[in-house]
Amino acid sequence: MVRWHDVVSAAGLVADDGTVRATVFAEMSTLAVRTGSINLGQGFPDVDGPAHVAEAAVAAIRAGHNQYPPGAGVPALLEAVAAHQERRYGIRLDPTTQVLVTAGATEGLAAAVLALADPGDEVVTIEPAYDSYPAAIAMAGAVHRGVPLVRTPGGFRLDLDALAATVGPRTRLIVLNTPHNPTGAVLDRTELEAVARVAHEHDVVVVTDEVYEHLTFDGVEHVPIATLPGMAERTLTVSSAGKTLSFTGWKIGWVSGPAHLVQAVRAVKQYLTYVSGGPFQHAVAAALADDDGRTRAWLDELVGSLSHRRDLLCAGLEAAGFTVTVPAGTYFVVADARPLGVEDGVDLCRRLPEVGVVGVPVSAFCRRGSRAADDLAASVRFTFVKREDVLRDAVGRLAGLRG
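Residues numbered from 1 in each chain as written. Predicted model: local features only at pLDDT ≥ 70, side-chain atom pairs only at ≥ 80, totals over all residues. Heavy atoms only, no water.

## Points about the overall build of the protein chain
Part 1: For the protein chain, the count of helices and strands is 15 helices and 14 strands.
Part 2: Along the three orthogonal principal directions, the C-alpha set of the protein chain runs to about 60 × 50 × 45 Å.
Part 3: For the protein chain, the residues scored as buried account for 57% of the 403 residues in total.
Part 4: Here the contacts in the protein chain between residues at least 6 apart in sequence split such that 75% fall between residues at least 24 apart.
Part 5: Taken as a whole, the protein chain presents about 16,400 Å² of accessible surface, with 52% of it coming from carbon and sulfur.
Part 6: Once the 35 positive and 46 negative side-chain charges of the protein chain are each reduced to a mean point, those two points are 2 Å apart. (Helix = DSSP H or I, 4+ residues; strand = E, 2+ residues; numbered from the N terminus. Buried < 20%, exposed > 50% of the residue type's maximum accessible area, 1.4 Å probe, protein only. Contact = heavy atoms within 4.5 Å. Areas by Shrake-Rupley, 256 points an atom, 1.4 Å probe, with all protein chains shown as cover. Lys, Arg positive; Asp, Glu negative; His and termini not counted. Charge placed at Lys NZ, Arg CZ, Asp CG, Glu CD.)

## Notes on the sheet that holds strand S9 (residues 253-256)
Across a sheet, paired strands are connected by hydrogen bonds in the backbone, their directions being either parallel or antiparallel.
Part 1: Read from one edge of the open sheet, 8 strands run S2-S9-S8-S7-S6-S3-S4-S5, paired in mixed fashion. Two strands bound the open sheet, and with one partner strand each, they are strand S2 (99-102) and strand S5 (155-158). Across the sheet, the mean angle from the axis of one strand to that of its neighbour is 25°, orientation sign disregarded.
Part 2: Sheet topology places strand S4 (residues 143-152) next to S5; 4 bridges connect them, and they run antiparallel. Within S5, the position partnered with Leu149 by the bridge is Leu158. (Pairing = 2+ DSSP bridges. Axes fitted to C-alpha atoms, helices over the stretch in contact; angles between N-to-C directions.)

## Some thoughts on the domain arrangement of the protein chain
Part 1: With domains assigned, the protein chain is organised as domain 1 (3-48 + 296-402) and domain 2 (51-289).
Part 2: In this structure, domain 1 and domain 2 have C-alpha centres spaced 23 Å apart.
Part 3: At the junction of the two partners, domain 1 supplies 40 residues and domain 2 supplies 40 residues.
Part 4: For the pair domain 1 and domain 2, the two sides together bury roughly 3,200 Å², of which 62% comes from carbon and sulfur.
Part 5: Taken as a group, Thr330, Phe365 and Arg367 account for 18% of the area that domain 1 buries against domain 2, more than any other trio of residues on that side.
Part 6: Counting across the interface, domain 1 meets domain 2 through 4 salt bridges.
Part 7: In this structure, Asp159 engages Arg371 in a salt bridge whose closest nitrogen and oxygen atoms are separated by 2.7 Å.
Part 8: Secondary structure elements with two or more residues in the side of domain 1 that touches domain 2: helix H1 (4-10), helix H12 (294-320), strand S11 (332-336), helix H14 (371-375) and strand S14 (379-383). (Domains from an automatic or database assignment. Buried area = accessible area lost by both parts, 1.4 Å probe. Salt bridge = Lys/Arg side-chain N within 4 Å of Asp/Glu carboxyl O.)

Have a look at this one:
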């Protein structure tokens, strides 16, 4: 039996005295509000997404799409997701059986783990890992194993030897996140082929979190692992509109893949949120269909702007004394504070408001005592998905660290 205490312990929410404490993410956001600091810890845009998509949501509300949508999702969105996957990646899906709409990607990922992992099964993630993964694994009663991303001169790269050593006969799922939060790594074909190889060898299902699929920079290509030979039949792909369209509060995500796996996820999902976001589903469907090209044009502009803002923040962090690993995608950059004489990123993040900025320690994304936690103990995640004037202000404040 999975106990509540086990779940919150796995998520790092139990203090030494047994009480439940806030996550470090909540702690840092509260700290930002209390001190008036610039919050570069939380990864959400400070401007809305495309106006034509917002207007589509308003139109859907006025058209009366305000009651429960169908359990699998609004047909127009199911069709739009299937069309997007084929148009962009050559992945063919039956929208009636191979696509499921969820309350954001987080629910899709949790429902997939709960549906497919039994107590005692091993679930492998890339580490550092988005903080909802270990909680979902714990709720399933499964065992969490991690494969580290290693900092290299060319960015963070997957440790392929550790991957081969970690995935084994007890592994049921590999949860793959690319483009990767928090490091900004985009797994290349060699890394994906290594994952595919161990998945075939041990008959493992891959659940892949691709919410940043459209947000890559410098010509770096996002390759879905489902496009590799033999992987479509053992991959569940999870994505969402939140990051792509800068409407994170709408919580419209989706899961796609083999019909029997999608059906298993739906069996769990229907007892979580049941359904969500009826009018927003219609708006996201229109955005993905993009009949007039406005979404594509807006997204191209967003990627260019994010690339510029990434460079601005990276330069500012380097000037402040950090060693920066330039991300190939996502909203985030990881900065190593060891050149500043810092060994504890958590302590640094609690002191950063002294210069008026808040970040998140990368160790919060790692299992305690893991190799990744040790390697990244002095690292901090900052987001650049804020207005340029906000980032310039933050960079100016971070310069105070030199003193």
